[in-house]
Structures are given as structure tokens and as C-alpha cells.
Protein chains: 2
Amino acid sequence: MEAWKLKKLIKYRRVGELATKSGSVQTPFFMPIATKGAVKHLLPEEVRNLGAEIVLGNTYHLLLRPGAELIERAGDLHRFMNWPGSILTDSGGFQVFSLGARAQKRFGANGVKLSEEGVEFVDPISGDRHFLSPEDSIETQLKLGSDIIMVLDECPPYPCAWEYALVSLERTTRWAERCKKYFENQKLSLSQRPLLFAIVQGGVYEDLRKESAKQLVELGFDGYAIGGVAVGEPRETLKDILEWTTPYLPEDKPRYLMGLGKPEEIVAAVNAGIDMFDCVIPTREGRHGRLFIWNEQTELSNDKNASENFYKTINISNEKYKEDFSLVDPSCDCGLCSKYTRAYLRHLFTVGEPLAGRLASLHNLRFYLKLMERLREAE
Amino acid sequence: MEAWKLKKLIKYRRVGELATKSGSVQTPFFMPIATKGAVKHLLPEEVRNLGAEIVLGNTYHLLLRPGAELIERAGDLHRFMNWPGSILTDSGGFQVFSLGARAQKRFGANGVKLSEEGVEFVDPISGDRHFLSPEDSIETQLKLGSDIIMVLDECPPYPCAWEYALVSLERTTRWAERCKKYFENQKLSLSQRPLLFAIVQGGVYEDLRKESAKQLVELGFDGYAIGGVAVGEPRETLKDILEWTTPYLPEDKPRYLMGLGKPEEIVAAVNAGIDMFDCVIPTREGRHGRLFIWNEQTELSNDKNASENFYKTINISNEKYKEDFSLVDPSCDCGLCSKYTRAYLRHLFTVGEPLAGRLASLHNLRFYLKLMERLREAE
């Protein structure tokens, strides 16, 4: 039985349902980020009520604090943080590489040491050295009780030469194979078994993306992610990467575009056949007072080159909202927009009230989750 | 018709009901602090659901940002912040004096210039000079649409010589008279009329407290506050001040002890005949991870010298809670204690998640509001 079922196809857009050990999740979906076991400012029941059926937890952060063993003793991550839905955890690899520079700056030592065996890294807060192998990553994610676990991959920076991208993607394939082997050796029962996803790499090179996809599909996973995007490459390249990769991914498996993106990028990616997204944009932008506002009359395109005109962003701290006693977004049904004026929210940001970040996060997450609802409901 | 009605007397403890233009409030009550038009981290409906019927807004902070005129244009403070209950505003005087030193340090200029006419002060953020007279304070509070407004008083620091305390309390009386005159000249209708409270000063001197109370009662107000406490005086002195003052306050008017206090101080003050409280302790301590926990078996004393053994405080950041998978306070009915473990809350504080301050504030406010319920319900 396949975990993912297609329910409706709108051109290349796939509307379906993904079954995890914690329940079913409607696709395409957006995962709010619960990096350290909490969506910033928000309670699990609020996140659920905004329309989220799945959140993303960061293995790297949870591994360092409070530690996977502690979460395992608490039951699992669902029980530790009281999240009633499904959870996807990343492998930890992305932060090992992206936060390596920070550790290096602070502690002098080489922040990241990569070998065939795995990756050694320095905790940028404590300075402690850690080692993460593909097997360690899977073991950690199993302790967290995640519903969708990701293989450990190397995520090379942008730009990255073709030669290195090839070496890297081949190691990522070998690591994916080790992850799969370790995972299968656990002999988990069907009801306890998370889904295991592999991650396509290959940088900005068509031949390498294709090669990576083919190697991973050959090994066989429950789903496939497209990694190594949103690392600084030009925006046009993202469309190319999707074009190059998706034809080599099985039609009956879910596809996850990691770490993206802006609303129009999500619409374009859904229209190109992607099913799963995660991104810090709604919560992080919210904490900085930038809010997503619907253009009410605008239909969502079902084209791969979706336009941006279905929404706008406003910076609520702007002077012009000082005496704007209208609702933030009258067409939104979130807890902010049902009651609070732009003038009030601006005031909260101006004086630094913690409620500001909370209300703005609530609104922006609702915008993203409503966007996914609109994409799923479209004819 | 009196605004306050006594319903039950338990020794000196007064259980009653206070009618404001926004509704009735059960006494004795505790007011959560909404300094800048928001209780830190919490939504108005949450504060209401915790059991609060009235909150306190700070005239000083709202006057500077966003300004009383803006709030007036929004409707009033209730509508600006969406608070469905009653609001008490202070006069602004306390912060003018207590934050004067900060402004002086930052901008060099004399932070506070006191004259018979009023008080000139420097905004500690912008450096702008402002002037606040007794009449200005009342005008501002009327613009805010407050339900209980306070006269402008001078709040001398501790320690303060008898001679200065006398000069100061007599000016406070003259200012109270000007406030009352300005207030009455507005000729507000009964349904629009807030209650006007005077503030007893007189430092730590029995004769001066008595003198201040007598002068103000002679003028006649809707209620009486005891000010100039919690400014650094020894804890025993508080009991003395209550003993010296309350006999000179009318039995049929509500009594408000400003800015206090610890739970045992509130219990002792209620048992000495005080009806109203406000304090930053529950929310501020909460944000620092210090939580109030009930000792379940302990009755609340109805003695003026109430003991502290009905509760304890814990510092949730302590290492010993790292793997404590019990609920924070199993006898508490708040949104934290119904679901979240000590280990989880500790984790949130350790990694600096904003949800930590939110959950701890929620719990501590519930503790304080439940304390008031227990005091009102006692036989």
C-alpha cells in the first residue's frame, strides 16, 4: 500500500493525501517550523486550528538541546511538545553545514569536518564537538518519534563547482543507502514505521540533478525531497531544478521541496508537481512586522510561472499605519484579523510587546496554510 | 448609589462588588498589568478566561506611545486593545518619578522638575520634554476611557524625611482637589462617568498617613488608594502603613493597595481590609522562569499576618527539572498545567523560545487570579 494517494490532478498540480503513523495529511501541504520543539510564540492547538496537520522539527537543534534521549523518555516529540498531528524531522545535515561557519567564528576550531563516515561539527553555543553519521541521524529521528524522517545528505553551498557537486551527490547517495539499510534493520511494525525520504542534490547542474534523482529512486524511498535549494542560487534556477528533477521522480511518491519559499514560489512549485513545503518565512517575517495580505479578487494561477499578484506584503511598523484603524486583512479569518487594527498591531511592534510577534506569526501562518487550502480546493 | 457594595465580611476581609461603567468587578481583585495596552504575551480573551475582570493600563507609557489622542480616536483603550472588561489607569505620576532617573542618565538634563503646577519630565526614549499637571492627568485618563482613574500624586522615594513627606502629601492633597474639580467640571453622565480615586501618601510616618487619609476623605472620592508603598521600605512597614491608614478610610468605599505584591502580602492586605491590587510580579517573574505553585492542602489564613506556606515558587530553569516529566502544577487549571511538563517548559526557557514566557505568564496570572477567587469564596 502506498503512503500517498492522488485524489485530483490539475495540470501538473497533484492534490492528494499522505498517510503517516500519526494520521493523514492533505497534500500539497505547508509545514510550520517548530525548530526547537515549538512553533515560535504559538501553542500546538493554535497551529492545528490554523489548518496545519504536520509541523517540522529540526533534528540538529533538538539533538543538541534538550537531546534525543530526553525526548524519547518523554514519549516522543509529539508528546514532549503536545503536538496532535504529524511531524517531519530533517536529518540535521543542513544546519550542520549552515551553522558550521558560526561555530568556527566563535570557537576558532574547524566548524565542520566531513568524511565518508559522516560529519563532525561543533555546537555553536557550547563549543562541544559532535559526530553525526547517516545511521546516527536515523537513530536520532527514530528516537524523536518523527512520522517522516529524512536521510542525512551533504548540502553544498552555492555556488558549487560541477566537480564537487558530483562528488557530493554520490556521497549523498551512499549515505542514503546506509540510512535505508539502518532503517530497515530496525524492523519496525507497520503502525510504528515512519516514512523515509531521500534528498536529491546536484546543485544547479541539470545532468547532476537527474543523476542524483535516478540513483535515489533506484534505491527506493517512501518519498523524495529536492534539497540544495534556497541556498542563494538565482530565483530562475529553482524553476530549472524542478524541471530537471521531477520527471525522474516516481509519480506515486510524495515530493518535498525543502526550505521554500515565498508564496508565489510555493504556488509555482505546486503547479510543477511538488507536494510538501516548509519555510521560516511566515513566522520570521511576522516577527519582523512584515505581513502577508490577500488581494481578494485574484485567482491563484495553475501555471508553473505563477504570478505574485494574489497577495502583497506590508510592513506594519510603517508610519502610515499609525492611525489606520482598519483590520489588518479583512479577508483573513485568523485571530489577529478578526479583531485587531493595523494601528494597534503597529503600536505593539513600536513598543516591543511580545504579543506583536505572536499576532503577526498567527496571521502569516494562517496566510500560508490558507494558500495551501486554496491550492488543494481549486478546480 | 455607591459604586462598591459589601457582600460578606470575614473578620476584616471585605468581599464585595464594584460597579464600573464597563460592568461589575468582584472584590477583592487583582489587576493584570497591561502597561502599554497589552498584557505581555497574552491576548485579552485569555486574560479574561484566566478570571480577570479588570486590567491596569499605565497612563505614562500610553501617553508617550501611542499617545492618548490616538487611543481616543480608536474609540478608547478598551477598543484599542480589545479588552472586554474594566480598566483602571494610574495617573502617570509614579513612572514620571521612578523613570526620571533613567531619563536623566541618558539625556543629561534634569529628569523631573516638580512645581506646584505639576511635573515636567523627559521621555527616557526620545528625550522629549513633557509637562503633566493634575488636570492633564485626568484629561488623559478620560481620553483613554478608563473606568477607574487616579489623581496625580507625588510619590516620594524611600527613605524620605518626615519634613519632606509632609510637604509632599499636602501638595498631593491640593493636586487631588484640582483633579476632582477638573473631573467634576466635565459633567459626565452617570453611564459615562469613571470612578475617581485619591491616593494616600505620607511615607512611613503614622501621623502623616493619618493626616493624608483625613484630608483626602474630607474632599471625598469614589475610592482610596494607598500609595508610596513597595518603594523599598522594610516589609514590616507595609503592615504598619495599612494599620495606620485603613481606620481613616470610609468603610463603604473601595481600597486599593498600589503596586503590590507577593501572594502572602496580598492575603495579609486583603485580611486587613484592602480590595484592589495590581502587580508586575506574576508576569515578570513568569518571564524569568519563576513559577508559583500551590501547596494543595494548605488553607488560606484569614489573619492579617498570613503565612507563606500556601504556595512555593520554583525556578523552572533549574537543572533538577530537566527530566521532570510531571505537570508544572497538577492542582492548577491553566493552559500550561493541563498539558505541559516541567521538562518541556524548562527546555523552552533554556533555548529561549517565546512560548516559554507566554506559558509561564499564563500560569502565574492564573495563580494570582485563583488566589483572589479563593479569598472571595472563603467562609
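Q: Help me understand the overall build of chain A in this model?
A: When its secondary structure is counted, chain A shows 14 helices and 16 strands. Taken over C-alpha atoms, the radius of gyration comes to 20 Å for chain A, in line with the 21 Å a tight globule of 379 residues would show. Along the first, second and third principal axes, the C-alpha atoms of chain A reach 60 × 50 × 45 Å. Taking all 379 residues of chain A together, the buried fraction comes to 55%.

Q: What should I look at first to understand the nonpolar core in this one?
A: Where a protein is soluble and globular, its nonpolar side chains tend to be buried together. Ranked by internal contacts, the top residues of the largest apolar core, which has 227 residues, are Val55, Val151, Phe197 and Leu345 of chain A together with Val55, Phe197 and Leu345 of chain B. When residues no more than four places from it in sequence are discounted, the contact partners of Leu345 of chain B are Ile316, Val328, Leu336, Tyr340, Ala356, Leu359 and Ala360 of chain B.

Q: Any chance you could explain the packing of helix α13 (residues 342-350) of chain B against helix α14 (residues 354-377) of chain B here in plain terms?
A: When two helices pack together, their arrangement is captured by the angle between the axes and the distance separating the axes. Residue and element names in this part refer to chain B. For the pair α13 and α14, interaxial distance at closest approach is 7 Å and the crossing angle is 130°. Here α13 lies oblique to α14, going by the angle between them. Note on packing geometry: the crossing formed by α13 with α14 is left-handed. Contact residues: Leu345, Leu348 and Phe349 in α13; Leu355, Ala356, Leu359 and Ala360 in α14. For the contact of α13 with α14, the class distribution of residues is 7 nonpolar, no polar and no charged.

Q: It is not clear to me how the pairing of strand β9 (residues 129-132) of chain B should be interpreted in this structure. Could you clarify?
A: Within a regular beta strand, the side chains point alternately toward one face of the sheet and then the other, so they alternate between its two faces. Residue and element names in this part refer to chain B. Looking at chain direction, strand β8 (residues 119-122) and β9 are connected through 4 bridges and run antiparallel. Note that in β9 the partner of Val122 across the bridge is Arg129. Counting the residues in the hairpin turn of β8 and β9 gives 6 residues, including Gly127, whose phi is positive at 85°.

Q: So what exactly am I meant to see when it comes to the interface of chain A and chain B here?
A: It is common to report an interface's size as the accessible area lost on association of the parts. Counting from both sides, the interface comprises 29 residues of chain A and, opposite them, 29 residues of chain B. Looking at the side of chain A that touches chain B, the elements that each hand over two or more residues are α3 (68-73), α4 (77-81), α13 (342-350) and α14 (354-377) of chain A. It is α13 of chain A that contributes the most residues to the side of chain A that touches chain B, 5 residues altogether. Grouping the constituent residues of the side of chain A that touches chain B by class yields 14 nonpolar, 7 polar and 8 charged.

Q: Can you help me understand helix α7 (residues 134-144) of chain B in this one?
A: Owing to its 3.6 residues per turn, the α-helix aligns residues three or four sequence positions apart on the same side. Counting buried positions along α7 of chain B gives 9 out of 11 residues, so the element sits mostly inside the fold. All of the buried residues in α7 of chain B are Pro134, Asp136, Ser137, Ile138, Thr140, Gln141, Leu142, Lys143 and Leu144 of chain B.

Q: I would appreciate a short explanation of the relation of the copies chain A and chain B in the present structure.
A: What relates the two chain copies is a rotation about an axis together with a slide along it. The transform that puts chain A on chain B rotates by 180° and translates by 0.0 Å along the axis, for an RMSD of 0.0 Å. Such a combination of rotation and displacement between the chain copies is what one expects of a two-fold axis. Comparing interface residues between copies, 100% of those in chain A also sit at the interface in chain B, which points to an isologous, same-surface contact.

Q: Please explain the packing of helix α7 (residues 134-144) of chain A against helix α8 (residues 162-185) of chain A as it appears in this structure.
A: Residue and element names in this part refer to chain A. Put simply, α7 and α8 touch, their axes get as near as 8 Å, and they point 45° apart. In this view, α7 runs oblique relative to α8, as classed from their interaxial angle. α8 is crossed by α7, and the crossing has right-handed handedness. Contacts from Pro134, Glu135, Ser137 and Ile138 in α7 reach Trp175, Arg178, Cys179, Tyr182 and Phe183 in α8. Each residue belonging to the contact of α7 with α8 can be placed in one class, and the counts come to 6 nonpolar, 1 polar and 2 charged.

Q: Explanation requested: the sheet that holds β8 of chain B in the structure shown.
A: Backbone-to-backbone hydrogen bonds join strands into a sheet, with any given pair of strands oriented parallel or antiparallel. All names here are of chain B. The 3 strands lie next to each other as β7-β8-β9, forming an open sheet whose pairing is antiparallel. Edge positions in the sheet fall to β7 (112-114) and β9, since each of these pairs with one other strand and no more. The sheet shows a mean angle of 15° between the axes of neighbouring strands, direction not considered.

Q: How should I be thinking about the confidence of the model for chain A in this particular structure?
A: Low-confidence regions, as indicated by low pLDDT, have predicted coordinates that should not be scrutinised in detail. On average, residues of chain A score 95 in pLDDT, and 99% of them are at 70 or above. For this predicted complex, the interface score ipTM comes out at 0.97, while the overall pTM is 0.97.

Q: Explain unusual backbone geometry to me, please; I cannot follow it from the model alone.
A: Excluding glycine, most residues fall at negative phi; most peptide bonds, likewise, are trans. All names here are of chain A. Cis geometry is found at the peptide bond from Thr27 to Pro28, where omega equals -5°. In this structure, Lys187 is a non-glycine residue whose phi angle is positive, near 45°. Along the chain, Lys187 turns up in the loop between α8 and β11 (195-200). What makes Lys187 exposed here is the crowd of 7 C-beta atoms within 10 Å. One non-glycine residue with positive phi stands out, namely Ala230, at about 55°. Residue position: Ala230 is located in the loop between β12 (223-226) and α10 (235-245).

Q: Just to check I follow, could you spell out the sheet that holds strand β9 (residues 129-132) of chain A for this structure?
A: Residue and element names in this part refer to chain A. Pairing within the open sheet is antiparallel, and its 3 strands lie in the order β7-β8-β9. Only two strands of the sheet have a single neighbouring strand rather than two, namely β7 (112-114) and β9. Here the average twist between neighbouring strands, direction ignored, is 15°. Note that β7 and strand β8 (residues 119-122) share 3 bridges and pair antiparallel.

Q: Looking at this structure, how should I read the environment of Leu188 of chain B?
A: Residues and elements named next belong to chain B. Among the structural elements, Leu188 can be located in the loop between α8 (162-185) and β11 (195-200). C-beta crowding within 10 Å serves as the criterion here: with 13 such atoms nearby, Leu188 is assigned to the partly exposed category. Sequence-wise, Leu188 and Glu218 are 30 residues apart; in three dimensions their C-alpha atoms are separated by 22 Å.

Q: Sorry, what's going on with the domain arrangement of chain A here?
A: All names here are of chain A. Each assigned domain of chain A is listed here: domain 1 (4-279) and domain 2 (287-377). Computed over C-alpha atoms, the centres of domain 1 and domain 2 are 28 Å apart. With 26 residues of domain 1 in contact, the opposing surface of domain 2 contributes 27 residues. Taken together, the elements giving at least two residues each to the side of domain 1 that touches domain 2 come down to β2 (13-20), β4 (29-31) and α11 (263-271). The biggest single contributor to the side of domain 1 that touches domain 2 is α11, with 7 residues. Looking at side-chain class alone, the side of domain 1 that touches domain 2 contains 16 nonpolar, 4 polar and 6 charged residues.

Q: Could you clarify how one ought to interpret the pairing of β12 of chain A in this entry?
A: Residue and element names in this part refer to chain A. Along β12, one buried face is formed by Gly223 and Ala225 and the opposite face, lined by Tyr224 and Ile226, is buried too. Relative to β12, β11 runs parallel, the two being bridged by 4 bridges. For Ile199, the partnering residue across the bridge sits in β12 and is Ala225. Taken together, β11, helix α9 (residues 206-219) and β12 constitute a β-α-β crossover, and its handedness is right-handed. Across 3 bridges, β12 lies against strand β13 (residues 255-257) in parallel orientation. Paired with Ala225 across the strands is Tyr256, a residue of β13. In this view, the connection linking β12 to its parallel neighbour β13 by way of α10 has right-handed handedness.

Q: Explain α8 of chain A here, please?
A: All names here are of chain A. Taking 1.5 Å of rise per residue, the 24 residues of α8 would be expected to cover 34 Å, and the 35 Å separating its terminal C-alpha atoms lies within 8% of that figure. Close packing links the buried residues of α8 with α7, β11 and α9. Where α8 terminates, the next one or two residues include Lys187, which has phi positive at roughly 45°.

Q: Which parts of the structure should I look at to understand the environment of Leu144 of chain B?
A: Residue and element names in this part refer to chain B. Positionally, Leu144 belongs in helix α7. Overall, the presence of 24 C-beta atoms within 10 Å leaves Leu144 in the buried class. Taking the C-alpha atoms as reference points, Leu144 and Leu369, separated by 225 residues in sequence, lie 25 Å from one another. Other than its neighbours up to four places away in sequence, Leu144 contacts Gly57, Thr59, Leu62, Ala68, Ile71, Asp76, Leu77 and Thr89.

Cut-off values and rules
- Residues numbered from 1 in each chain as written.
- Chains lettered and ligands numbered in written order.
- Predicted model: local features only at pLDDT ≥ 70, side-chain atom pairs only at ≥ 80, totals over all residues.
- Helix = DSSP H or I, 4+ residues; strand = E, 2+ residues; numbered from the N terminus.
- Rg over C-alpha atoms; globule rule 2.2 N^0.38 Å.
- Buried ≥ 20, exposed ≤ 12 C-beta atoms within 10 Å, placed from the backbone.
- Core = buried A, V, L, I, M, F, W, Y, C linked by C-beta atoms within 7 Å.
- Contact = placed C-beta atoms within 7 Å.
- Axes fitted to C-alpha atoms, helices over the stretch in contact; angles between N-to-C directions.
- Parallel < 35°, antiparallel > 145°, perpendicular 65-115°, else oblique.
- Left-handed = near helix turned anticlockwise from the far one by under 90°.
- Nonpolar A, V, L, I, M, F, W, Y, C, P; charged D, E, K, R; others polar.
- Pairing = 2+ DSSP bridges.
- Least-squares fit on C-alpha atoms with pLDDT ≥ 70 in both.
- pLDDT = per-residue confidence, 0-100.
- Domains from an automatic or database assignment.
- Right-handed = clockwise from strand over helix to strand, strands pointing away.
- Expected span 1.5 Å × (residues − 1).

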